[in-house]
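Residue strings, one per chain:
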Amino acid sequence: MAEKKKLVLIRALEDKIRDETDIQQSLSSIIEFTEDPSPKIIHAALHALGRLFSSLILKGELQRSKGGNATPAEDDVAIEQTWLREKYISYLNRLCILLGHEEPGLQIPSLNILLDLLKNESMYFTHVSRSHQFSNNHFYRVVESLIDNDNFSEPLKKEFSEKYWNLYDDLRYYFLKDAAKIINFAVNSGRNTGKSGPNSKRWKLAGELSGKKLNRIMENTFEILDSLRTMPTEESEIDKFWTAHPLSALTKQSEAADDLYDQQNHDNVSKKEGKIPKKSSTNHHRLPILLQLNEHKRVFSECWLAVLNLPMTTDSYKKILLIMHKKIIPHMLNPPLLLDFLTESYNAGGVVSILALNGLFTLIHEHNLDYPDFYIKLYGLFDRNLMHVKYRSRFFRLADLFLASTHLPVQLVAAFIKRMSRLSLTSPPHGIVILIPMIYNLIKRHPSCMVLIHCTKENSPKDDEYDYNESDPMKSGALNSSLWELKTLQEHYYPNVATLAKIFEEQFSKPSYNLEDFLDHTYATIFSSEVARKPRKNKTPALAFQKPDFLFPTQLDNDLQEGKDAPEVYALIFRRISSNCGDEFF
């Protein structure tokens, strides 16, 4: 059948169902079109079914019959409703499967239809029960299909994040709640740890989940959580809902209860001698869960704690640590629960430890948590690799804060100063220009460390009493040493470093350096500044007196200088290159 004919047939079948003629056959035919190879046909069938089922939901024709004594006519209606509900569930399952389709043009309509049906279901349940209802059984399937998705495309994430996730407080609340249940269920290999809630048949049949599947769940959930931009900080900010506002349903329920209360007491007023009892205000002042800030923080905390229990790649690990202090800790109900994760990260060493510092500092500074041997661990992070990592500027900002207190022991501060001084010998120029100002600021902040630059001992570097390999800064012997490394830097090949190092020969009357002026230097910025610098007048650039034959002195260079025949020397060079590189080189 041609594509156009199929589209016309879908519209005709939809009209038949609306006219209530041949409903079962027509509905089954449209559902079959959702399996069509053509995305255009699938698209048309999905929207037609979405319109039809939305109408049936609002009419209450998809609800289960209550049973009991019923007439034959009522039995026929119940059978038809049961059949319609089965078709509706199969339609929902098909939509959830299409969320994992390779074509984003089918993923996005499926998501929109699923959430439109969620709204209609919630509206119907709210109307029937006269209290706010959210169809979480429906939404649970949507959440599961999003986070356990082989093809979680960027357009799908963008659609969900920008159109729903970042706008509606109820969708955000239930997503966090359901995602935590799904993840905990996965981590526990099929054992549901929650007290209640919908369960997925797929998870039950799967048994133990593979590491690959857990990684997929982790990556998809993290991408959604990372896109969150509108977490409330006050209850007044919880004001936008995809389904009905909880207070609107609560108001209707209260008005109905008041009418019933007034009617009952009007009938009994003569029996009570004219005394009408006071109305109970217990239910009038209790906010619905969706309007309580602590409830939103609770599900946020549960979701993140569940995510942190999942296996993760190194990149995901770093991304989580990068946003920990700004996007996670401020919205946690009980931030100290993150201490174990951050402590383990801080003890891991390398870049991970550097990234964990921000979150750990927030817990120590704002939540009064104590971390034993914190400065010993911080001291160990000052190694040669530090000056070459991407996040060194972030690290030095925090290190400057940690060492800002004037109540720190002088032995501790001296050890950090000496450690940085030693690192400057092997650091690149853009790293040295961070270390020198930081050393200057620390000495100025802690005058007791002046002894490091006024040392009168005439010992050589070999006799330095400072033990670089000692892990405990208090036992490193830094106060018995001197900053002879900075004297060495005064002869550095890069003029800016040499000039900066000479500051220690002057009086300490200058104000402290602003560390931010030095943190973002790289080889690229150094090169750009040198190229942009205007040459001085009447100053010729330095040139070699004699053109060298080799860049570095070698035995071949010595052979040429000793007057050996040049062709013989170059032939030897050719033979060595041939033996080292092989024929492929040529």
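Residues numbered from 1 in each chain as written. Predicted model: local features only at pLDDT ≥ 70, side-chain atom pairs only at ≥ 80, totals over all residues. Heavy atoms only, no water.

**Considering the confidence of the model for the protein**
Note the threshold: What pLDDT conveys is the predictor's confidence in a given residue, as a value from 0 to 100. Strands here are runs of E lasting at least two residues and helices are runs of H or I lasting at least four, both read from the DSSP assignment and numbered beginning at the N terminus. Any two residues having at least one pair of non-hydrogen atoms within 4.5 Å are treated as being in contact.
A residue-level look at the protein finds 78% of positions with pLDDT of 70 or above and a mean pLDDT of 82. In the model of the protein, helix α9 (residues 201-206) stands out as the element of lowest mean pLDDT, 44, in contrast to helix α12 (residues 293-308), which has the highest, 95. Long-range and interchain partners of residues 256-266, a stretch whose pLDDT sits below 50, account for nine contacts in this model, where long-range means more than four residues apart. Here residues 580-586 is modelled with pLDDT under 50, and outside its nearest four sequence neighbours on either side it reaches five contacts, counting other chains as well.

**Regarding a negative patch on the surface**
Definition in use: Each patch is built from residues that are more than 30% exposed by relative accessible area and take part in no salt bridge. Like charges join if they lie within 9 Å; nonpolar side chains (Val, Leu, Ile, Met, Phe, Trp, Tyr) join within 5 Å. We get accessible surface area from the Shrake-Rupley algorithm with a probe of 1.4 Å; when it comes to residues, only the shown protein chains can shield them. Between Lys or Arg on one side and Asp or Glu on the other, a salt bridge is scored when a side-chain nitrogen of the former is within 4 Å of a carboxyl oxygen of the latter. Neither His nor the chain ends is counted toward charge; the positive residues are Lys and Arg and the negative residues Asp and Glu. Charged groups are reduced to one reference atom each: NZ for lysine, CZ for arginine, CG for aspartic acid, CD for glutamic acid.
Together, Asp15, Asp19, Glu20, Asp75, Asp76 and Glu80 make up a region of like negative charge exposed at the surface. The leading source of residues in the negative patch is helix α4 (residues 72-98), at three residues. Residue placement: aspartate 15 occurs in helix α1 (residues 3-18).

**Focus: the environment of asparagine 385**
Tracing the chain through its elements places asparagine 385 in the loop between α16 (374-380) and α17 (392-402). Linking asparagine 385 and valine 351, residues 34 residues apart in sequence, is a C-alpha distance of 9.2 Å.

**Quick look at the packing of aromatic side chains**
Inclusion rule: For this analysis, a ring pair means two rings from Phe, Tyr or Trp (six-membered ring only for Trp) whose centres lie within 6.5 Å, classed as stacked if their planes differ by under 30 degrees, edge-to-face if by over 60, and tilted for the remaining angles. A 1.4 Å probe rolled over the protein chains alone gives each residue an accessible area, and that area as a share of the maximum for its type sets the label: buried under 20%, exposed over 50%, partly exposed in between. Any Lys NZ or Arg CZ found within 6 Å of a ring centre and within 35 degrees of that ring's normal is scored as a charge over the ring.
The tally for this structure, following the rule as stated, stands at 30 aromatic pairs. Judged by centre distance (5.7 Å) and plane angle (50°), the ring pair of phenylalanine 160 and phenylalanine 175 falls under tilted. Remark: phenylalanine 175 occurs in helix α8 (residues 169-187) and phenylalanine 160 occurs in helix α7 (residues 154-165); sequence separation between them is 15 residues. On the basis of relative accessible area, phenylalanine 160 is assigned to the buried category, the value being 1%. The class of phenylalanine 175 is buried, set by a relative accessible area of 0%. Ring centres 5.2 Å apart and planes at 65° place the aromatic pair phenylalanine 361 and phenylalanine 402 in the edge-to-face group. Linking phenylalanine 361 in helix α15 (residues 350-367) with phenylalanine 402 in helix α17, this pair joins segments that are 41 residues apart in sequence. Judged by relative accessible area, phenylalanine 402 falls into the buried class, the value being 6%. Connected via pairs of aromatic rings, a cluster forms that spans Tyr346, Phe361, Tyr371, Phe374, Tyr375, Tyr379, Phe382, Phe395, Phe396, Phe402 and Phe416. If you follow lysine 119 out to its NZ or CZ, it ends over the ring of tryptophan 242, 3.8 Å from the centre. The ring of tyrosine 468 carries the charged tip of arginine 419 above its face, separated from the ring centre by 4.3 Å.

**Concerning the packing of α8 against helix α10 (residues 211-226)**
Helix-helix packing is characterised by the crossing angle of the two axes and by the distance between the axes. Note the following rule: Throughout, an axis means a line fitted to C-alpha atoms (over the contacting stretch in the case of helices), and angles, computed between N-to-C directions, take values from 0 to 180 degrees. What sets the label is the angle itself: under 35 degrees gives roughly parallel, over 145 gives roughly antiparallel, 65 to 115 gives roughly perpendicular, and the rest give oblique. Here a crossing is called left-handed whenever its near helix is offset anticlockwise from the far helix by less than a right angle, and right-handed whenever the offset is clockwise. Three categories are distinguished: nonpolar for Ala, Val, Leu, Ile, Met, Phe, Trp, Tyr, Cys and Pro, charged for Asp, Glu, Lys and Arg, and polar for the others, with Gly belonging to the last.
Between α8 and α10, the shortest axis-to-axis distance is 11 Å and the interhelical angle comes to 165°. Judged by the inter-axis angle, α8 sits roughly antiparallel to α10. Seen along the crossing, α8 lies across α10 with a hand that is left-handed. Along the contact surface, α8 presents Phe175, Leu176, Ile183 and Ala186, while α10 presents Leu214, Ile217, Thr221, Ile224 and Leu225. Residues that form the contact of α8 with α10 fall into these classes: eight nonpolar, one polar and no charged.

**Focus on α12**
This is how the line gets drawn: One less than the number of residues in a helix, times 1.5 Å, gives the span that helix is expected to have.
In a regular helix each residue adds 1.5 Å, so 16 residues correspond to 22 Å; α12 covers 23 Å between its end C-alpha atoms and thus fits that length. Of all the positions in α12, only Leu293, Glu295, His296, Lys297, Val299, Phe300, Ser301, Cys303, Trp304, Ala306, Val307 and Leu308 are classed as buried. On its buried side, α12 packs onto α8, α10, α13 (314-328) and α14 (339-346).

**Here we look at the pattern of salt bridges**
A complete count under the given rule lists 22 salt bridges for this structure. For lysine 213, the salt bridge identified is with aspartate 148, shortest N-O distance 3.6 Å. With a gap of 65 residues between them, lysine 213 in helix α10 and aspartate 148 in the loop between α6 (136-147) and α7 connect regions that are remote in the sequence. Under the relative-accessibility criterion, lysine 213 is labelled buried at 18%. A residue is classified by how much of its surface remains accessible, and aspartate 148, at 11% relative accessible area, is buried.

**Re α17**
Burial within α17 is extensive, with nine of its eleven residues counted as buried. Within α17 the residues assigned to the buried category are Arg392, Ser393, Arg394, Phe395, Phe396, Leu398, Ala399, Asp400 and Phe402. Among the structural elements, α13, α15, α16, α18 (410-423) and α19 (429-445) are those in contact with the buried residues of α17.

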